[in-house]
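Per-entry structural report
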Amino acid sequence: MGLKEWAKRFKDLFRKPEAGQAVDKRKPVEVKIEFKSLDKKSGKKNEEIEMRILVISDSHGKNDDVKQVLEQAGDIDMFIHLGDIERGPEYIRELAKCETHMIAGNNDYDIALPDTDSFMIADKRVFITHGHRFYVGSGVERLREYALENGYDIVMYGHTHMPFLEIGKDVTILNPGSISYPRQDGRKHTFMLIEVDKEGEFHYSQGLLKSSLRDFYEGFY
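Heads up: these notes are all about the structure in this document.

Rules used throughout
- Residues numbered from 1 in each chain as written.
- Predicted model: local features only at pLDDT ≥ 70, side-chain atom pairs only at ≥ 80, totals over all residues.
- Heavy atoms only, no water.
- Core = buried A, V, L, I, M, F, W, Y, C linked by side-chain atoms within 4.5 Å.
- Buried < 20%, exposed > 50% of the residue type's maximum accessible area, 1.4 Å probe, protein only.
- Helix = DSSP H or I, 4+ residues; strand = E, 2+ residues; numbered from the N terminus.
- Contact = heavy atoms within 4.5 Å.
- Pairing = 2+ DSSP bridges.
- Axes fitted to C-alpha atoms, helices over the stretch in contact; angles between N-to-C directions.
- Right-handed = clockwise from strand over helix to strand, strands pointing away.
- Salt bridge = Lys/Arg side-chain N within 4 Å of Asp/Glu carboxyl O.

With that settled, consider the nonpolar core. Generally speaking, nonpolar side chains in soluble globular proteins are found buried as a group. If you look at the biggest cluster of nonpolar residues, it comprises 20 residues, and the most contacted ones within it are Ile 53, Val 55, Ile 80, Ile 121, Met 156 and Leu 174. Looking at this core, the elements with two or more residues in it are strand 1 (49-56), strand 2 (78-81), strand 4 (116-121), strand 5 (124-129), strand 6 (154-156), strand 9 (190-197) and strand 10 (202-208). Apart from the residues within four sequence positions on either side, Ile 80 is in contact with Ile 53, Leu 54, Val 55, Ile 56, His 101, Phe 119, Ile 121, Ile 128 and Met 156. With 19 residues, the next largest nonpolar core counts Val 66, Ala 73, Ile 111 and Phe 191 among its residues.

Have a look at this one:
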């Protein structure tokens, strides 16, 4: 067996979507890692940006990926992890060095984290959940209904390992994808950056986790 075939089989072994899980085609546009709101020389926010929020999910114990994405994102004001952390939540808090919100996923058996959380980002009410209790593998209808009934402006979830963004009139629903075990077409290791400008407008960007090993094997993915 050649190296390419071996790599393909290895990828398929660990990265197959769950049986019966639909692939959602509505997802954010992939962008370069160097976000426009970040000054390349200083690594600080540009003056027109009031807040930068990094959102990740489903790292499944790979805290090196968490460390790397924090370094890539640069200066942030809030860090959100949407569950399936599996180890080291306090270590992650220390890495983030900012306001942090983390919740438990279906694989976080021994971690003392809440199942859900709600808080404010600027003037928006935010609700975060891992998503398995809302059956997000079948769609976001239950999550959308819950948000509308409870007056949330933004809802974030994980669990599916597939990025998703729906900006509606009354509620925005998003999933950053997985930074460690992606399942969407192309199997890109993704995260999301939310930027709030001084006018109170929200801007959503999808980022790709950069890794020398993954870059080396890019042809196999």
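On to the sheet that holds strand 5. Judged by pairing direction, the sheet is mixed, and its five strands sit side by side in the order 4-5-6-8-7 without closing on themselves. Edge positions in the sheet fall to strand 4 and strand 7 (164-167), since each of these pairs with one other strand and no more. Taken pair by pair, the neighbouring strands of this sheet meet at an average axis angle of 15°, ignoring direction. In this structure, strand 4 lies alongside strand 5, joined through six bridges in antiparallel fashion. Across the sheet, the residue bridging to Phe 119 is Val 126, located in strand 5.

So, about the pairing of strand 3 (residues 99-102). Sheet topology note: the strand 2/strand 3 ladder contains four bridges and is parallel. Among the inter-strand pairings, Phe 79 is bridged to a residue of strand 3, identified as Thr 100. Handedness of the β-α-β unit built from strand 2, helix 3 (residues 89-96) and strand 3 comes out right-handed.

Glancing now at the pattern of salt bridges. Across all of its chains, the model carries five salt bridges by this definition. A salt bridge links Lys 198 to Glu 50, with the shortest nitrogen-to-oxygen separation between them at 3.1 Å. Of this pair, Lys 198 sits in the loop between strand 9 and strand 10 while Glu 50 is found in strand 1, placing the two residues 148 residues apart along the sequence. What makes Lys 198 exposed here is its relative accessible area of 53%. Between Asp 115 and Arg 133 there is a salt bridge, and its shortest N-O distance comes to 4.0 Å. One end of the pair, Asp 115, is in the loop between strand 3 and strand 4; the other, Arg 133, is in the loop between strand 5 and helix 4 (141-150), and 18 residues separate them in sequence. Taking relative accessible area as the criterion, Asp 115 reaches 42% and is therefore assigned partly exposed.

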